[in-house]
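# Per-entry structural report
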Amino acid sequence: MTRTEQKVSVGDLKVGMYVSRLDRPWLETRFLFQGFHITNSEDIRDLRERCEYVYVDPERGEAAAAPLKTLRRLGDFDKFTNVFRNKAGKDRYPVVTTVEEEIGACRESRQRAFDVISTILDDVRAGRKVKMQAVREAVSGMVGSIIRNPDAFFWLTRLKDKDAYAYSHCVDACGLAIAFGRYLGFSKAELEDLAAGTLLFDIGKLQLPESLLKKPGRLTDKEYALIRRHVEFGVKMVGEIKGTNKDIVRVVLYHHERHNGSGYPRGVPGHKIPVNGRIAALVDCYDAITSERAYSNAVSPYEAIRMIYEWRDKDFQTDMVEQFIQCIGLYPTGTLVELSSGEVGIVLAQNRVRRLRPKVMLVLDKNKIAYEFNPTLDLIQDPLDDNGNPVEIRRPLEPGTYGIHARDFYL
């Protein structure tokens, strides 16, 4: 959230306001483009039908007369650090490699998944059958790497290319699903089914006009209804693949359902959504809002966590949201942060016991001068600054602050 954003009840909206954010993911509405001016009463009516509140930016439009209270930008989750615990107890899969050791294998498995999804798209367009064996071989490599160390995958997801969003979204959402399932203690077979379903959950979009998928403006009711049918198309396509199973199909079927029953295609409430479907819905949203798209700018991993937490018990089950945050960390791998020492760095890996104290790769010193070689600082070891005070994360920074992007420090 920007410093100028105001949280506003939809009942207080007026023509001339600039809506910068909704109370739900943009991808669940006809307002696919992120940010727009309210130009007429129809815009207000549409927002009132779909939202309880929105955020407006007074620097780009009219200010709100009575903004609502909202969560603080920083420190929102400090009070929850003793609540976010894996109820299963001891981790089923201990981390057995470092990020540096795992990054090569992770890069190769991620590229294989890219190659497979590209082949699948070509096969579908040419009328050829999709081969489940190829899908399983691709996700098996990702499962193995992420079981060993999920942070290597989280780091690579920061290398996003908006021109290849259709490919990277399926692959990165797949990896996120594996990492979350790993954290929840799924068996390897369960992880592979979850991964296969997530890799294929948007396959139904191949049945839609490309011009519709790339439309930059607001969708009409008819266009939005057609977009929603990609789930129906996908279920049919995946169900016809030899070697698939009901767990894979369920991921495709339920990945747009929502906890309060507002999702599609069936509008079922949370207790009727299979766990695989809940996981797919959550990672689909997280990866989408942290990705650069033709019609939407990416938000930082930290901001995405804050947004998803705000959507708990509405779009996503509260327990699931809390476990997801525990899985990827309060400052997810790849987050740009400023330390209390004045140094600036990028979160390199999570500390599973103390989530507020990850391992950080330093980029700038306290005078904001670039390091010639990038040292790492493990905050769990309670390092001290020049004044003898423990070094902590002072604040997360937006990608690009000080000209720094995680992708430029690709291991």
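Everything that follows concerns the structure shown earlier in this document.
So, here's what we can say about the structure. Values in this document were obtained by computation on a predicted structure and should not be read as measured data.

### Section: the nonpolar core
Counting 95 residues, the largest nonpolar core has I120 and V135 as the members making the most contacts within it. No other element matches helix α5 (residues 165-184), which puts ten residues into this core. Leaving out residues up to four positions away in the same chain, V135 has contacts with V116, I120, A196, L199 and L200. Judged by nonpolar contacts, the second largest core, of 14 residues, contains V10, V19, C51 and A64.

### Re helix α12 (residues 301-310)
The element α12 is largely enclosed, with a buried count of ten among its ten residues. Taken as a whole, α12 has its buried residues at P301, Y302, E303, A304, I305, R306, M307, I308, Y309 and E310.

### Side note on the sheet that holds strand β5 (residues 336-339)
The antiparallel open sheet is built from five strands, whose spatial order is β8-β7-β6-β5-β9. This sheet does not close on itself; its edge strands, each paired only once, are β8 (376-378) and β9 (393-397). Across the sheet, the axes of successive neighbouring strands diverge by a mean angle of 40 degrees, strand direction being ignored. As paired strands, strand β7 (residues 359-364) and β8 are joined by three bridges and run antiparallel to one another. Bridge pairing in β8 links M361 to T376.

### Some thoughts on the pattern of salt bridges
This model, assessed by the stated rule, comprises 22 salt bridges. Taken together, the shared-partner salt bridges in this structure form one network comprising K7, E303, R306 and E310.

### Examining the environment of V238
Relative to the assigned elements, V238 resides in helix α9 (residues 230-239). As a C-alpha pair, V238 and V130 span 108 residues in sequence and 8.6 Å in three-dimensional space.

### A word on the packing of helix α11 (residues 275-289) against α12
One can describe the packing of α11 onto α12 by two numbers: an axis separation of 9 Å at closest approach and a directional angle of 135 degrees. Looking at the two axes, α11 sits oblique to α12. Here the hand of the crossing between α11 and α12 comes out right-handed. On α12, the residues touching L282, Y286 and I289 of α11 are P301, A304, I305, M307 and I308. When its residues are assigned to classes, the contact of α11 with α12 shows eight nonpolar, no polar and no charged.

### Let's talk about the side chain of S300
Looking at the element boundaries, S300 is found in the loop between α11 and α12. S300 gets classed as buried once you look at its relative accessible area, which sits at 3%. Separated by 3.1 Å, the side chain of S300 and the backbone nitrogen of E303 make a polar contact.

### Notes on α9
Inspection of α9 places H230, V231, F233, G234, M237 and V238 among the buried residues, and these make up the whole buried set. Looking down the long axis of α9, one finds its buried residues gathered within 160 degrees of arc, a one-sided arrangement. Its buried side turned inward, α9 meets α2 (99-125), α8 (221-228) and α10 (246-254).

### Focus: the sheet that holds strand β1 (residues 6-9)
Taking strand neighbours across the sheet as the criterion, the four strands line up as β1-β4-β2-β3 in an open arrangement whose pairing is antiparallel. Edge positions in the open sheet fall to β1 and β3 (36-37), since each of these has one partner strand only. The pairing of β1 with strand β4 (residues 53-56) spans four bridges and is classified as antiparallel. Paired with Q6 across the strands is V56, a residue of β4. Packed onto the sheet, α12 meets β1, β2 (18-22) and β4 and runs at close to 80 degrees relative to β2.

About the cut-offs
Residues numbered from 1 in each chain as written. Predicted model: local features only at pLDDT ≥ 70, side-chain atom pairs only at ≥ 80, totals over all residues. Heavy atoms only, no water. Core = buried A, V, L, I, M, F, W, Y, C linked by side-chain atoms within 4.5 Å. Buried < 20%, exposed > 50% of the residue type's maximum accessible area, 1.4 Å probe, protein only. Helix = DSSP H or I, 4+ residues; strand = E, 2+ residues; numbered from the N terminus. Contact = heavy atoms within 4.5 Å. Pairing = 2+ DSSP bridges. Axes fitted to C-alpha atoms, helices over the stretch in contact; angles between N-to-C directions. Salt bridge = Lys/Arg side-chain N within 4 Å of Asp/Glu carboxyl O. Parallel < 35°, antiparallel > 145°, perpendicular 65-115°, else oblique. Left-handed = near helix turned anticlockwise from the far one by under 90°. Nonpolar A, V, L, I, M, F, W, Y, C, P; charged D, E, K, R; others polar. Polar contact = N/O pair within 3.5 Å; in protein donor to acceptor, adjacent residues only side chain to side chain. Arc of directions from axis to C-beta.

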